[in-house]
Amino acid sequence: MNLVLHVWRQASPTVKGGFVRYEAKDISDHASFLEMLDIVNEQLTENGEEPIAFEHDCREGICGSCGLVINGVPHGPQHGAATCQLHMRHYKDGDQIWIEPWRAKAFPVVKDLVVDRGALDRIIQVGGYISARTGAVPDANATLIRKEHAELAMDAASCIGCGACVAACPNASAMLFVAAKVSHLGLLPQGQPERRDRVLNLVAQMDSEGFGSCTNHAECEASCPKQISIDFIARLNRDLFVASLAQTPERMVAGAG
Amino acid sequence: MRRVLSLYRSSVGKKILMAVTGVVFVLFVFAHMFGNLKAFYGPEKFNHYAEFLRDVGAPAFGHGQLLWLFRVVLLFAVVIHALAAFQLWRMSAVARPVPYARGLQPEESTYASRTMRWGGVILLAFVVYHLLHFTTGTAHPDFVPGAAYENLVIGFQSIPVVIAYLVAMGALCLHLYHGVWSGLQTLGVNHQRYNRYRRPLAVLVAGIVFIGFVSVPVAIAAGIIV
Amino acid sequence: MELDSKVPSGPIQEKWDKRKFELKLVNPANKRKYTVIVVGSGLAGASAAASLGELGYIVKCFCYQDSARRAHSIAAQGGINAAKNYQNDGDSIWRLFYDTVKGGDYRSREANVYRLAQVSNNIIDQCVAQGVPFAREYGGLLANRSFGGAQVSRTFYARGQTGQQLLVGAYHALAKEVGNGTVQMFPRTEMLDLVLVDGQARGIVVRDMVTGKVSSHAAHAVVLATGGYSNVYFFSTNAKGCNTTAIWRAHRRGAVFANPCFTQIHPTCIPRAGEYQSKLTLMSESLRNDGRIWVPKEQGENRPAAQIPDAERDYYLERLYPSFGNLTPRDIASRRAKEAVDDGRGVGLLKNGVYLDFRDAIQRLGKSVIEERYGNLFEMYERITGENPYAVPMRIYPAPHYTMGGLWVDYDLQSTIPGLFVIGEANFSDHGANRLGASALMQGLADGYFVLPYTISDYLARVGPTKTDPTHAAFGAVEREVGERVKKLLAVNGKLTVDTIHRDLGQVMWDACGMARSRGALEKGLEAIPEIRERFWREVRVPGRGEDFNQSLEKAGRLADFLELGELMCRDALHREESSGGHFREEFQTPEGEAKRDDERFAFVSAWEFTGVGSAPKLHQEPLSFENVPLSQRSYK
Ligand SMILES: Cc1cc2nc3c(=O)[nH]c(=O)nc-3n(C[C@H](O)[C@H](O)[C@H](O)COP(=O)(O)OP(=O)(O)OC[C@H]3O[C@@H](n4cnc5c(N)ncnc54)[C@H](O)[C@@H]3O)c2cc1C
Ligand code: HEM
Ligand code: FES
């Protein structure tokens with residue numbers, strides 16, 4: 001099939017970007033979306049132009065590197081899959097495709113379709129973990145965990161940190177990402193001692209990174225490649241409510257609040 | 001207080017306060033609506049009800065005292081709700097400096113969810129107008145203090161006023177359709193077994209409130225209530 | 001060069017304790033005076049960096065992705081082994097040790113493997129404490145499954161995302177230390193060379209992948225945890241960015257490279273669909289539990305699978321290995337599939353796969369049971385191929401997956417360059433000539449959490465907390481070299497894209513040093529590779545600038561190193577005149593076509609020393625002795 005692409009090109013974080021039109025010719029149904037871009041890039045390179053920069057690594061939907069907004073939908077039209085898992089059989093000859101990066105103040109563009117998602121790492125660094133010093137831990141079966149809770153924690157833990165939730169949110173909010181982390185750890189007995197500090201610190205960091213505020217549109221859930229439920233957002237809200245009223249945190253991070 | 005303030009400091013906390021004040025509004029709206037419906041029972045019952053509002057709480061409270069207390073609470077709630085809404089609105093507005101070329105394709109959001117903020121502004125404007133209309137009478141051509149029923153009936157004989165109320169109630173309906181569901185989500189009222197009832201509850205609340213409120217002006221405009 | 005494995009004396013059960021006791025400790029107050037560089041944030045790198053940070057060292061950790069959490073370890077699906085014996089089915093440290101040595105076809109170091117089995121249990125404890133949501137039973141205990149043909153259920157798993165969950169656990173530990181300020185994280189930073197001062201590893205030269213700036217980092221020791229090099233074949237199950245640059249550069253600086261030709265080919269991957277294909281996707285091996293593998297008996301068969309009657313199908317694994325059937329080990333299943341395809345009996349449009357058929361299983365168990373067992377995998381298959389595996393058989397074909405070879409390390413995980421430690425898939429691991437399923441994750445975490453933090457302290461204590469000096473002339477010299485290489489890559493300005501040349505190299509590697517190797521093919525490969533290398537340096541086109549985010553430049557730099565590594569792999573394969581594990585030399589097989597080891601001549605680790613590009617590397621041998629697991633021939637008949 002032949003396609004017309006409108007791709008966001010931006011040379012660096014500071015310069016203005018814009019759309020450039022490209023033609024993708026003779027694309028097979030079986031090619032993946034990223035392979036289609038590879039083909040375009042090979043041609044650009046051969047013509048002495050700079051190829052389109054886009055992020056990718058595993059190309060099987062687990063590393064969370066890839067992420068394009070395709071015709072206004074993060075990760076494209078296929079639900080429950082990352083951009084790299086999208087195949088061209090979802091398109092037909094003559095389609096026009098608009099390709100943009102994740103757009104959020106907290107995710108500045110690095111180049112073309114590549115953005116800096118360091119904000120998500122910084123959120124984890126203020127407490128999105130369980131402090132378990134290497135070696136200083138009990139036997140793995142010492143604590144029994146209800147299967148149901150373990151499964152629910154696993155649902156939350158399946159987040160790949162791609163940032164599509166932010167990209168899809170009309171408010172550019174990172175609530176689903178934070179909620180998934182808070183829930184994953186908060187659902188497990190090991191996560192209880194730090195549960196309150198964790199939620200307070202993560203939310204404070206999320207706010208200071210410049211994400212928007214959730215209004216429960218549920219767009220995040222729709223574009224999440226792992227289909228993480230917004231029920232976890234309710235859980236986060238509840239945890240934050242309890243934590244705020246129950247105690248003054250001992251380990252508020254500097255600058256939080 | 002310190003804890004509430006610390007709650008207010010975070011975006012999620014602000015939302016929780018919005019949801020709490022939202023619950024206050026819903027309760028108020030329901031009470032108000034039941035009051036309004038008294039209009040169908042004729043002037044006596046209705047005026048009696050208006051009087052009751054001023055005497056409620058007696059003898060612990062004097063004439064009109066409890067009503068004023070309610071008003072203060074409501075005013076306070078409106079201030080918090082609106083202030084938080086505007087602050088979060090701003091926060092979200094700056095969170096995406098470069099918009100998507102052709103917008104985001106809505107997948108799960110609803111018209112109601114996307115119009116919460118402007119809908120809220122309409123409601124705020126409406127509340128002001130409503131108070132000027134029926135409480136102070138400033139915006140009422142033939143206002144007679146104390147004659148609640150008469151003010152009501154005369155007020156709604158003007159078709160533009162009825163339309164304004166219909167629009168406002170439409171906005172309220174949408175606001176509640178998303179707001180009730182969203183409020184439950186924000187308050188963390190979330191349980192696998194009951195989650196599927198949250199949406200129907202929102203539909204029910206929004207529907208009842210809409211029908212309950214528009215029935216009076218519509219009935220007056222249609223000449224059912226005279 | 002003397003290869004001293006530093007394996008402690010004494011009974012195998014006591015070696016690690018003994019070694020730990022002998023190791024010098026760094027005074028707690030002094031730990032902050034030491035800087036350690038960890039390159040890589042996969043299971044091995046993240047666990048090491050976090051543990052070193054906790055101990056109080058100053059740690060600098062590097063990765064090429066935008067976040068530490070995206071290292072390739074994240075892709076592992078199946079699970080992680082440990083000798084917990086939670087299922088009470090007779091597992092033990094000894095049995096895990098035994099299985100791993102035997103599974104590796106007797107080409108690994110016994111003492112290392114024993115230690116791996118010993119610490120395997122601590123890993124599970126550690127991960128659970130971090131909040132890794134392993135699968136559980138209804139009673140709340142951890143669940144296990146049997147994996148890769150093991151006779152005990154010792155594999156812990158988290159749905160089909162075990163690698164992800166373990167990596168997220170290690171990433172959390174790392175993030176905690178970054179938050180505490182003990183670890184400084186450098187994402188999007190690629191190590192391009194190693195710096196030696198007075199013969200000791202003292203730092204690295206890196207390129208900032210956003211700005212293109214080349215700079216140096218100095219430290220008291222350098223740890224490489226940069227993963228495997230399967231991407232030398234272009235097509236592999238690895239992430240696109242996986243590369244050999246870090247270990248290859250260290251090799252060029254003097255670290256010897258062990259068993260480069262030991263690679264693992266995974267039997268159940270989705271075959272290529274076309275020219276444009278960029279990578280291969282692994283399907284869990286568990287599919288072989290219920291799927292039946294077959295090809296048509298006739299060459300050039302064009303009917304759809306459903307129209308081929310049973311009598312005209314060749315269920316070759318069941319025919320050749322009646323007792324193991326479709327569950328024969330990875331290397332055998334892979335090789336037999338290749339034979340069938342090479343024989344012209346392949347299936348699919350490109351005739352490049354074999355069928356993995358669930359028809360009978362669906363008839364026997366019902367669709368719902370199959371759906372429950374493999375639903376996710378079937379979905380994934382359909383997403384990629386557009387074919388519904390409930391209706392038509394899946395097509396599979398083997399693909400490069402894991403590299404057992406890597407930089408040679410001693411018992412302390414130190415390479416032949418003092419102060420350079422290598423962990424995870426990047427070292428020539430504990431897996432000998434073949435890795436058993438679910439044991440790479442175990443090794444990465446064992447190295448990072450429980451071995452390296454001890455052994456590195458010994459080295460640090462010996463060198464002392466001298467000041468590190470990034471202005472030392474050695475850094476400037478290497479920085480210049482790196483800068484010049486970048487310039488050179490950009491200056492060629494030929495006509496061929498990096499991927500075009502990489503595909504050529506991959507094809508040559510696959511033909512010469514893939515699933516089945518022979519003298520003739522290897523010699524041909526050894527002629528072809530230098531030609532491709534020259535073509536690369538003559539005709540590659542790398543658009544863009546060096547001082548910029550430039551993905552073509554990154555790829556070109558990596559390919560340049562693969563082009564040198566490929567040659568070494570072929571040389572190693574040619575030299576090893578035996579078949580062992582994943583290394584199958586066609587000349588050395590039993591009459592039934594099975595791998596034939598030659599313990600007389602080849603019970604050693606081949607460790608190659610770099611002597612220059614295009615010049616023959618120098619071979620060193622570390623003899624292997626098997627005192628606890630008696631040498632025997634594998635048999636799956
Ligand atoms: C599809 C698949 C499935 C698998 N399934 C299983 C399984 O079920 N069980 C099992 O035990 N094993 C499995 N394996 C094998 C296992 O996942 C890997 O061997 C293991 O995770 C490697 O871990 P690592 O830490 O050594 O390296 P990696 O996780 O590959 O990490 C390498 C790190 O080094 C960094 N890096 C690399 N080069 C540079 C450079 N030049 N400069 C800076 N940084 C650099 C990268 O950024 C990354 O952080 C699987 C492998 C694949 C491909
Ligand atoms: C002052 C003008 C108002 C503005 C700007 C406003 C705006 C908003 C916004 C932005 C939300 C959050 C929606 C979300 O998070 O999904 C909200 C929620 C809500 N509003 Fe309003 N609103 C206003 C007035 C009102 C009034 C008058 C009522 C009562 C009838 C009301 C009832 C609610 C309810 C019940 C909620 C749900 C709480 C929640 O979701 O957190 N609002 N409003
Ligand atoms: S490239 Fe890894 S998730 Fe898409």
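See the structure shown above.
In this text the structure is predicted, and so the values were computed from the model without any measurement.

Here is what the cut-offs are and how they apply
- Residues numbered from 1 in each chain as written.
- Chains lettered and ligands numbered in written order.
- Predicted model: local features only at pLDDT ≥ 70, side-chain atom pairs only at ≥ 80, totals over all residues.
- Heavy atoms only, no water.
- Helix = DSSP H or I, 4+ residues; strand = E, 2+ residues; numbered from the N terminus.
- Buried < 20%, exposed > 50% of the residue type's maximum accessible area, 1.4 Å probe, protein only.
- Contact = heavy atoms within 4.5 Å.
- Areas by Shrake-Rupley, 256 points an atom, 1.4 Å probe, with all protein chains shown as cover.
- Buried area = accessible area lost by both parts, 1.4 Å probe.
- Salt bridge = Lys/Arg side-chain N within 4 Å of Asp/Glu carboxyl O.
- Polar contact = N/O pair within 3.5 Å; in protein donor to acceptor, adjacent residues only side chain to side chain.
- Nonpolar A, V, L, I, M, F, W, Y, C, P; charged D, E, K, R; others polar.
- Near = heavy atom within 4 Å.
- Pairing = 2+ DSSP bridges.
- Axes fitted to C-alpha atoms, helices over the stretch in contact; angles between N-to-C directions.
- Expected span 1.5 Å × (residues − 1).
- Arc of directions from axis to C-beta.
- Phe/Tyr/Trp six-rings, centres within 6.5 Å; stacked < 30°, edge-to-face > 60°.
- Lys NZ or Arg CZ within 6 Å of the ring centre and 35° of its normal.
- Parallel < 35°, antiparallel > 145°, perpendicular 65-115°, else oblique.
- Core = buried A, V, L, I, M, F, W, Y, C linked by side-chain atoms within 4.5 Å.
- Donors = N, O, S within 2.8 Å, 3.2 Å for Na, K, Ca; no water.
- Tetrahedral: all angles 85-135°; square planar, octahedral: opposite > 155°, others 65-115°.

A.B. asks: Run through the overall build of chain B, naming residues and quoting values.
C.D. replies: On a plain count of helices and strands, chain B comes out with 9 helices and 0 strands. Its helices and strands taken in sequence order, chain B reads α-α-α-α-α-α-α-α-α from the N to the C terminus. The dimensions of chain B, computed from C-alpha atoms along their principal axes, are 55 × 45 × 40 Å. Residues counted as buried form 42% of the 226 residues belonging to chain B. Partitioning the intrachain contacts of chain B with sequence separation of at least 6 by distance along the chain shows that 67% fall at a separation of at least 24. Approximately 12,400 Å² of chain B is accessible, and the part contributed by carbon and sulfur atoms is 72%.

A.B. asks: Account for unusual backbone geometry, with residues named and values stated.
C.D. replies: Residue and element names in this part refer to chain A. In this model, Arg59 sits at a positive phi of 55°, which is unusual for a non-glycine residue. At Asn71, a residue that is not glycine, the phi angle is positive and equals roughly 45°. With respect to the secondary-structure elements, Asn71 resides in the loop between β3 (69-70) and β4 (73-74). By relative accessible area, which is 25% here, Asn71 ends up partly exposed.

A.B. asks: Which residues make up the interface of chain A and chain C, and what values go with them?
C.D. replies: Listed per partner, the contact involves 78 residues of chain A and 73 residues of chain C. Regarding the contact of chain A and chain C, the summed buried area is about 6,100 Å², with carbon and sulfur atoms giving 51% of it. Among the residues of chain A in contact with chain C, A:Asp57, A:Thr134 and A:Met154 are the three that bury the most area, contributing 11% of the side total. Scanning the region where chain A abuts chain C turns up 7 salt bridges. Notably, a salt bridge pairs C:Asp66 with A:Arg117, separated by 3.1 Å at the nearest N-O pair. Counting across the chain A and chain C interface gives 49 residue pairs in polar contact (both at pLDDT 80 or more). Put simply, the parts of the chain that give the side of chain A that touches chain C at least two residues each are α1 (33-46), β6 (109-111), β7 (114-115), α2 (118-125), α3 (147-157) and α5 (175-186) of chain A. Residues of the side of chain A that touches chain C, tallied by class, amount to 34 nonpolar, 23 polar and 21 charged.

A.B. asks: Which residues make up the site of ligand 2, and what values go with them?
C.D. replies: Of all residues adjacent to ligand 2, which total 25 residues, the nearest are A:Thr215, B:Lys15, B:His81, B:His175 and B:Ser182. At ligand 2, the nearby residues belong to more than one chain, namely chains A and B. Between B:His178 and ligand 2, the recorded distance is 3.0 Å, taken from a side-chain N or O atom to an oxygen atom. Residue B:Gly183 places a main-chain N or O atom 3.3 Å away from an oxygen atom belonging to ligand 2.

A.B. asks: Can you tell me about the sheet that holds strand β2 (residues 58-62) of chain C, naming the residues and giving the values?
C.D. replies: All names here are of chain C. Taking strand neighbours across the sheet as the criterion, the 5 strands line up as β5-β2-β1-β9-β17 in an open arrangement whose pairing is parallel. At either end of the open sheet lies a strand with only one pairing partner, and these are β5 (183-186) and β17 (420-422). Pairwise comparison of adjacent strand axes, ignoring direction, gives a mean angle of 20° for this sheet. Those strands touched by helix α11 (residues 440-463) are β1 (35-39), β9 (221-224) and β17, and its axis lies near 155° from that of β9.

A.B. asks: Quick rundown of helix α3 (residues 43-55) of chain B? Include the residues and the values.
C.D. replies: Residue and element names in this part refer to chain B. A rise of 1.5 Å per residue sets the reference length of α3, with its 13 residues, at 18 Å; its end C-alpha atoms lie 18 Å apart and thus fit the reference within 8%. Those residues of α3 lying buried are Phe46, Tyr49 and Ala50. Considered in projection along α3, the buried side chains sweep an arc of 95° and stay on one side of the axis. Along α3, exposed side chains directed more than 90 degrees from the buried face belong to Glu44 and His48. Next to the buried residues of α3 lie α2 (11-37) and α7 (148-155). Where α3 terminates, the next one or two residues include Gly57, which has phi positive at roughly 90°.

A.B. asks: Tell me about the packing of aromatic side chains, residues and numbers included.
C.D. replies: As enumerated under the stated definition, the model contains 39 aromatic pairs over all chains in all. One aromatic cluster in this structure is built from B:Phe126, B:Tyr129, B:Phe134, B:Phe156 and B:Tyr165. A cation over a ring is seen here: C:Arg115 above C:Tyr411, with NZ or CZ 4.2 Å from the ring centre.

A.B. asks: Now, about the side chain of A:Glu55: what can you tell me, with residues and values included?
C.D. replies: Of note, A:Glu55 is situated in the loop between α1 and β3. Polar side-chain contacts of A:Glu55 include one of 2.7 Å to the side chain of C:Arg188. In this view, A:Glu55 contacts A:Ser65, A:Cys66, A:Gly67, A:Val114, A:Val115, A:Arg117, C:Asp66, C:Arg188 and C:Gln551; residues no more than four positions away in its chain are not counted.

A.B. asks: An account of the interface of chain A and chain B is requested, with residue identities and associated values reported.
C.D. replies: With 52 residues of chain A at the interface, the matching set in chain B holds 43 residues. Across the interface of chain A and chain B, roughly 4,000 Å² is buried in total on both sides, 52% from carbon and sulfur atoms. On the chain A side of the contact with chain B, A:Arg103, A:Asn216 and A:His217 bury the most area, a combined 14% of that side's loss. Viewed at the interface, chain B and chain A are joined by 1 salt bridge. In this structure, A:Asp231 engages B:Arg198 in a salt bridge whose closest nitrogen and oxygen atoms are separated by 3.6 Å.

A.B. asks: With reference to specific residues and values, describe the packing of helix α5 (residues 162-180) of chain C against α11(C).
C.D. replies: Residues and elements named next belong to chain C. The geometry of α5 relative to α11 is characterised by a closest axis approach of 11 Å and an angle of 10° between their N-to-C directions. Between α5 and α11, the angle falls in the class roughly parallel. Residue-level inspection shows Thr162, Gly163, Leu166, Gly169 and Ala170 of α5 in contact with α11, the latter providing Leu441, Leu445 and Tyr449. Class assignment for the residues of the contact of α5 with α11 results in 5 nonpolar, 3 polar and no charged.

A.B. asks: I'd like to hear about the site of ligand 1, residue by residue, with values.
C.D. replies: All names here are of chain C. Close contacts around ligand 1 come from 37 residues, with Ser41, Gln65, Ser73, Met191 and Glu425 the closest. Between ligand 1 and Gly79, the relevant distance is 3.0 Å, taken from a nitrogen atom to a main-chain nitrogen or oxygen of the residue. A distance of 3.1 Å separates a nitrogen atom of ligand 1 from a polar atom in the side chain of Asn243. Broken down by secondary-structure element, the contributors of at least two residues to the shell around ligand 1 are α2 (43-55), β6 (189-197), β15 (394-403) and α11. By residue number, the principal contributor to the shell around ligand 1 is β6, which donates 3 residues.

A.B. asks: Break down the nonpolar core for me, with residues and values.
C.D. replies: Counting residues in each nonpolar core, the largest one holds 281 residues, and the members touching the most others are A:Phe211, C:Ile80, C:Phe134, C:Leu224, C:Phe358 and C:Leu420. By residue number, the principal contributor to this core is α11(C), which donates 13 residues. In this structure C:Leu420 touches C:Leu194, C:Ala201, C:Val222, C:Leu224, C:Ala250, C:Ala255, C:Leu407, C:Leu413, C:Gln414 and C:Ser415, once residues within four positions along its chain are discounted. Core analysis: the second largest hydrophobic core is formed by 30 residues, A:Ile52, A:Phe54, A:Ile99 and C:Tyr276 among them.

A.B. asks: Give a description of the coordination of the iron atom of ligand 2 that names residues and reports values.
C.D. replies: By definition of the ideal shapes, four donors in a tetrahedron about a metal sit 109.5 degrees apart, and six donors in an octahedron sit 90 or 180 degrees apart. Residues and elements named next belong to chain B. Distances from the iron atom of ligand 2 to its protein donors, His81 (NE2) and His175 (NE2), fall within 2.1 Å. Taken together, the 6 donor atoms coordinating the iron atom of ligand 2 span angles of 85 to 180° at the metal, a pattern that classifies the geometry as octahedral. Of this pair, His81 sits in helix α4 (residues 65-94) while His175 sits in helix α8 (residues 159-186), and the two are 94 residues apart along the sequence. Judged by relative accessible area, which is 15%, His81 ranks as buried.

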